Amino acid sequence: MTRLKPGASMNRRSFLKVSMLASGALVIGCGRVEPTGDASVEPETWVANLYVRIDTDGSVSIVSKNPEAGQGVKTAFPMVVAECLDVDWTSVSVEQAPLDDRYGRQVVGGSRGTPDGWDDLRIAGTAARQLLIAAAAGDWGVPAGECSTKPGVVTHEASGRSARYEGLLEAAARLPVPDVDDLDLKSRPSEFSLLGTFVPGVDNRQIHTGQPLFGCDVRLDGMLYAVFEKCPTFGGRVGDANVEQIRSLPGVTHAFVVEGTDDPRGLQAGIAIVANTWWEANSARRKLRVNWVTEHADSTPDFDRQAKALLEQSGDTLRSDGDVDDALARAAKIVEATYYYPFVSHANMEPQNCTARFDDAGRLEFWAPSQNPKSGRSLVASTLGISEDDIHVNLTRIGGGFGRRLRNDFMVEVAWIAREVGRPVQLQWSREDDMRHDFYRPAGWHRFKAGLDDDGRMVAFDHHFITFGRDGEPVSGADLSPGHYPAGLVPNFRLRQSLIETHVPTGPWRSPGHSAYCWCYQSFFDEVALAAGRDALEFRLDLLSRSYGETQVDRQRVSDTLRLAAEKAGWGKRELGENRGLGIAFHYDHLGYVSHVAEVVADGSSVKVEKVFSAADVGPIINLSGARNQVEGCVVDALSTARLEVTFANGAARQSNFDDYELLRIGQAPEIECHFIQSEHSPTGLGEPPIAPATPAITNAIFGATGTRIRQLPLARSGIFV
Amino acid sequence: MSNVTLRINGQSYTFNAPSDMPLLWALRDKLDLVGTKYSCGVGVCGSCTVLVNGAPMRSCMMPAAGMAGMEITTIEGLDPTGEHAVQRAWNDEDVAQCGYCQAGQILTASALLSRNPDPGDEDIDSAMAGVMCRCGTYPRIRKAIKRAARYASGEGGAS
């Protein structure tokens, strides 16, 4: 069994730097030297990725380096510093950092913010507290070990003396910097006072009063507004367009063709229309006439036909343990099923947008709602032929990420347009642009064949995965790790893969891969348990009780979440009555372990998900509110997305707005009860792990309530409506 | 283009705008009142909700030029200090995740409470059905509206 202890296992050396500003403020920088394999790397080469400042009025400010997209990092990170520094939470303020290489990784993605930040945040807070204690102890002539703190104050119990932090800053700055290895870092929930409590978001006041926070809220002197019309068919180029006519329309200042590049993640071909207001730019667009040159004609019916044919072929074997064919031949019982899930869109509430301004010297400044601004800067530099050193990126709050904004097509588009126009430009995609030019979660087909022995144990698992590829490799978000369970949990295991060529742009979508294929596995486990005459929970716990070779899962942690969710839901302990079902599922991804039990009530083909009982182990909880928010959000997202699909015709998406891709409404949302197992592993992220098991918990409950096994999504394809 | 005078958050604004420009874009691009958000542009998602004479309306669907004489309230005008009962409840339940749809949610909730000071779950689901949230804050919206009702009735929360 592999126990992942992120902070401790990442083998990075942390360093501290303490300095004093002219204002008298104490600044603590904490940074790391990434392992280079070069033993000669000196601490002097460290880069700071975190700054904490204590001002002479006792206030504490902390730079939040990662973009905030609703995952709560802007609140959670400063909480860790405040906990270790021992200050009142109300004295802490947060500044959003711009893109700056000194901060290291500045990405919203992979649920990595928490595991990456945990050590540095604690080191910065703890070191500062230790320096302040040492400063007071020196002043009082007592051993530092006899001193302690209460929020914002160093105390010496024996003499009854105390000193506020702000009075100790100058003395603290003169002391030697503590060795990181000597710091006693808090790590257990029993040591925390602020961590683990319910703390509202630091931007709440601004959100509730409508202050400018988001990318589309940026307003600059002389700024113009742009729309960018791209070919509905992916990869299409501009033949000709009536741009002269467009230029003469009211409010329009510029209209021009952008040839674009061959990079499907970069600058696409299209027509830019720039005007004094967005409404005028978009109104002019309705008069735009373009002859597009298209090459591709991908369609959903054609994908379906190809998948059907491929399912009958053998595919490429990615992994084979034991002898699946022999085990299936000798099995007491065989269970077979094929599952299908569709393409889906990220559908961020804030459509893609970005603001750019060139100065007279050719330097470029961005206000970018990007999950991965560094990669955006690099894309812009290479496409426009300018140096990365001449590009500055301000990070705005992001109106929903979910993986869409890991791509930076909107950054390169606005940069190109702003250079052409010679004035600051805000590019605002329409909702239709956003839905037609997403990097979709790819669809997939999974054919499973399981063999059971006489005891109803799964002894063989044959899996054929039909996914999408280009040039023989799965496209982004379409791959499946051969190491993933049930590999390692079944003695005879085989994974085969076949690819359908596509030009549909694809990419990571919240918990990429996991949020799709977990549904297939966990639904099929229910089918297997049923065929074996076993309880769905007992079958899973038994499956997790043995391993065959290396598994990527901590079987104990995941089993504990299963038991807890089941206990809270009263699994096996209550009469459900007619038309009511419970469904259970587990998963682990991005270092997090989550199980859900869903409770569904049915009226014919119409179902209501009444309640979901969730149990998660991501180590100690930092912000109880933020953690619950991610669990609740993931459950709602899972149910919402199980009703949705993006389909294609003539190489273009058929859905274009919320009327044909309608997100869940409030009346359809379940009650959600979250439980956390605060194990002693280092804390890890929650933006992704709760979503994958939520979908199968719901569809398994639908089976319980209706007798309909959901093997195709969206639910309507299986004749079920929410 | 027409000359438009609107009453927004108790103030009078006069500006030139195309006669078909929706209130949403007049607010955002003419008046720099960017708290009102664009998301669908077709009256489906409710992100652009403002109050018109106290009732929640979709500003993406209403030409600004036709709104003279109406009392328009945007999120900036509900209570700029954030002390309205709904704003306080939204903070105390920590409703927002990304926050993008929340102006529409808060204004719609404040209109609900104005006409129904003690709404039940069905009242809430019905009144809030028009405002989508991609992050899934719906369970907290229900709790926050009930909390706001308590603030407004018993604790002097409404300002």
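Along each chain, the written sequence defines residue order, and numbers are assigned to residues from 1. To read the labels, note that chains go from A and ligands from 1, taken in the order they are written. Per-residue local features of the predicted model are confined to residues with pLDDT of at least 70, and side-chain atom pairs are confined, for both listing and counting, to 80 or more; whole-chain, interface and lining totals are unaffected and use all residues.

1. Observations regarding helix α4 (residues 102–115) of chain B
All names here are of chain B. Between its first and last C-alpha atoms α4 spans 20 Å; for 14 residues at 1.5 Å apiece the expected length is 20 Å, and the two agree. Buried, partly exposed and exposed are defined by the number of other C-beta atoms within 10 Å of a residue's own C-beta, namely 20 or more, between the two limits, and 12 or fewer respectively, with C-beta atoms placed from the backbone. By the criteria applied, helices consist of DSSP H or I runs no shorter than four residues and strands consist of E runs no shorter than two, each listed in order from the N terminus. The element α4 is largely enclosed, with a buried count of 12 among its 14 residues. For α4, the set of buried residues is Q102, A103, G104, Q105, I106, L107, T108, A109, S110, A111, L112 and L113. Helix span is expected to be 1.5 Å times the residue number reduced by one.

2. Examining the confidence of the model for chain A
Residues and elements named next belong to chain A. pLDDT expresses, on a scale from 0 to 100, how confident the predictor is about each individual residue. This prediction gives chain A a mean pLDDT of 94; 96% of its residues lie at or above 70. Here the contact rule is simple: place C-beta atoms from the backbone, and any two residues whose C-beta atoms are within 7 Å are in contact. This stretch, residues 1–11, has a pLDDT under 50; its non-local contacts, to residues over four places away or in other chains, come to 18 contacts. Scored below 50 in pLDDT, residues 41–46 shows nine contacts in the model against residues more than four places distant or in partner chains.

3. Considering the nonpolar core
The nonpolar core criterion groups buried Ala, Val, Leu, Ile, Met, Phe, Trp, Tyr and Cys residues into a set whenever they are joined through C-beta atoms within 7 Å. Counting 277 residues, the largest nonpolar core has A226(A), I273(A), V414(A), I698(A) and A148(B) as the members making the most contacts within it. Look past the residues within four positions of V414(A) in its chain and what remains in contact with it is A226(A), C354(A), T355(A), A356(A), V425(A) and L427(A).

4. Describing the confidence of the model for chain B
Averaged over every residue, the pLDDT of chain B is 96; residues scoring 70 or more account for 97%. Predicted as a complex, the structure gets a pTM of 0.96 and an ipTM equal to 0.97.

5. Some details on the interface of chain B and chain A
Contacts between the two partners involve 45 residues from chain B, matched on the other side by 49 residues from chain A. At the level of elements, α1 (23–30), α2 (75–78), α3 (85–92), α4 and α6 (138–154) of chain B are the ones that each hand at least two residues to the side of chain B that touches chain A. Per-element tally for the side of chain B that touches chain A: the top contributor is α3(B), with four residues. Basically, the charged four are Asp, Glu, Lys and Arg, the nonpolar ten are Ala, Val, Leu, Ile, Met, Phe, Trp, Tyr, Cys and Pro, and anything else, Gly included, counts as polar. Of the residues that constitute the side of chain B that touches chain A, the class distribution is 25 nonpolar, 12 polar and eight charged.

6. A word on the domain arrangement of chain B
Residues and elements named next belong to chain B. For every domain, the bounds stem from an assignment made automatically or drawn from a database. In terms of domain boundaries, chain B breaks down into domain 1 (2–78) and domain 2 (85–154). Of note, the centres of domain 1 and domain 2, computed from C-alpha atoms alone, are 21 Å apart. Of the residues lining the interface, 15 residues belong to domain 1; the matching set on domain 2 comes to 14 residues. For the side of domain 1 that touches domain 2, the secondary structure elements donating two or more residues are β3 (49–52), β4 (55–58) and α2.

7. Concerning the sheet that holds strand β6 (residues 147–150) of chain A
Residues and elements named next belong to chain A. Strand pairing is defined by DSSP finding a minimum of two bridges between the two strands. Pairing is antiparallel in the open sheet, where three strands are placed in the order β6-β7-β8. Unpaired on one side and paired on the other, β6 and β8 (161–164) mark the two borders of the sheet. Ignoring strand direction, the axes of neighbouring strands in this sheet form an average angle of 25°. Summarising the sheet, strand β7 (residues 153–156) and β8 pair through four bridges and their orientation is antiparallel. Where helices are involved, their axes are fitted lines through C-alpha atoms of the stretch in contact, as for all axes, and angles between N-to-C directions lie from 0 to 180°.

8. Description of the domain arrangement of chain A
Residues and elements named next belong to chain A. Looking at chain A, the domain boundaries give domain 1 (6–208), domain 2 (215–295 + 352–428) and domain 3 (300–344 + 440–718). Counting residues at the interface gives 10 residues for domain 2, matched by 11 residues for domain 3. Partitioning the side of domain 2 that touches domain 3 into residue classes produces five nonpolar, four polar and one charged.

9. Side note on the packing of helix α13 (residues 514–532) of chain A against helix α17 (residues 691–706) of chain A
All names here are of chain A. Running from amino to carboxyl end, α13 crosses α17 at an angle of 35°, the nearest separation of the two axes being 7 Å. Every pair of crossing elements has a handedness; the one defined by α13 and α17 is right-handed. Along its contact with α13, which presents H514, S515, C518, W519, Q522, S523 and D526, the element α17 presents I691, A692, P693, T695, P696, T699, N700 and F703. Counted by class, the contact of α13 with α17 contains seven nonpolar, seven polar and one charged residues. Put simply, a crossing is left-handed when the front helix is turned counterclockwise from the back one by less than a right angle, and right-handed when it is turned clockwise.

10. Here we look at the sheet that holds strand β5 (residues 71–73) of chain B
All names here are of chain B. The mixed open sheet is built from five strands, whose spatial order is β2-β1-β5-β3-β4. Edge positions in the sheet fall to β2 (11–17) and β4, since each of these pairs with one other strand and no more. Averaged over all adjacent pairs, the angle separating strand axes in this sheet is 45°, with direction ignored. Its contacts with the sheet place α4 against β3 and β4, and it is angled at close to 35° to β3.

11. A closer look at the pairing of β4(B)
Residue and element names in this part refer to chain B. Bridging between β3 and β4 involves four bridges; their strand directions are antiparallel. The residue of β4 that forms the bridge with V52 is A55. Between β3 and β4, which pair antiparallel in sequence order, lie two residues; one of them, N53, sits at a positive phi of approximately 50°.

12. Points about the packing of helix α10 (residues 373–384) of chain A against helix α11 (residues 409–421) of chain A
Residue and element names in this part refer to chain A. Two numbers describe how α10 lies on α11: the axes approach to 9 Å, and their chain directions differ by 40°. Our classification of the angle between α10 and α11 gives oblique. Once α10 is placed against α11, the crossing between them reads as right-handed. Contacts from G376, L379, V380, T383 and L384 in α10 reach M411, V412, A415, W416 and R419 in α11. Convention used here: angles under 35 degrees read as roughly parallel, angles over 145 as roughly antiparallel, angles from 65 to 115 as roughly perpendicular, and any remaining angle as oblique.

13. Some points on α11(A)
If you check α11(A), its first and last C-alpha atoms are 18 Å apart, about what 13 residues at 1.5 Å a residue would give, namely 18 Å. Where α11(A) ends, the next residue or the one after it, G422(A), has phi of about 75°, a positive value.

14. Describing unusual backbone geometry
Across the junction of Y485(A) and P486(A), the peptide omega takes the value 5°, indicating a cis bond. By the secondary structure assignment, P486(A) is in the loop between β22 (473–474) and β23 (492–501). The omega angle of the peptide bond from L713(A) to P714(A) is 0°, so this bond is cis rather than trans. Topologically, P714(A) is positioned in the segment after α17. Of note in this structure, N579(A) is not a glycine but carries a positive phi near 60°. With respect to the element layout, N579(A) can be found in the loop between α15 (555–569) and β24 (580–589). The phi dihedral of N53(B) is positive, around 50°, even though this residue is not glycine. Relative to the elements of secondary structure, N53(B) occurs in the loop between β3 and β4. Exposure remark for N53(B): the 10 C-beta atoms within 10 Å place this residue in the exposed category.

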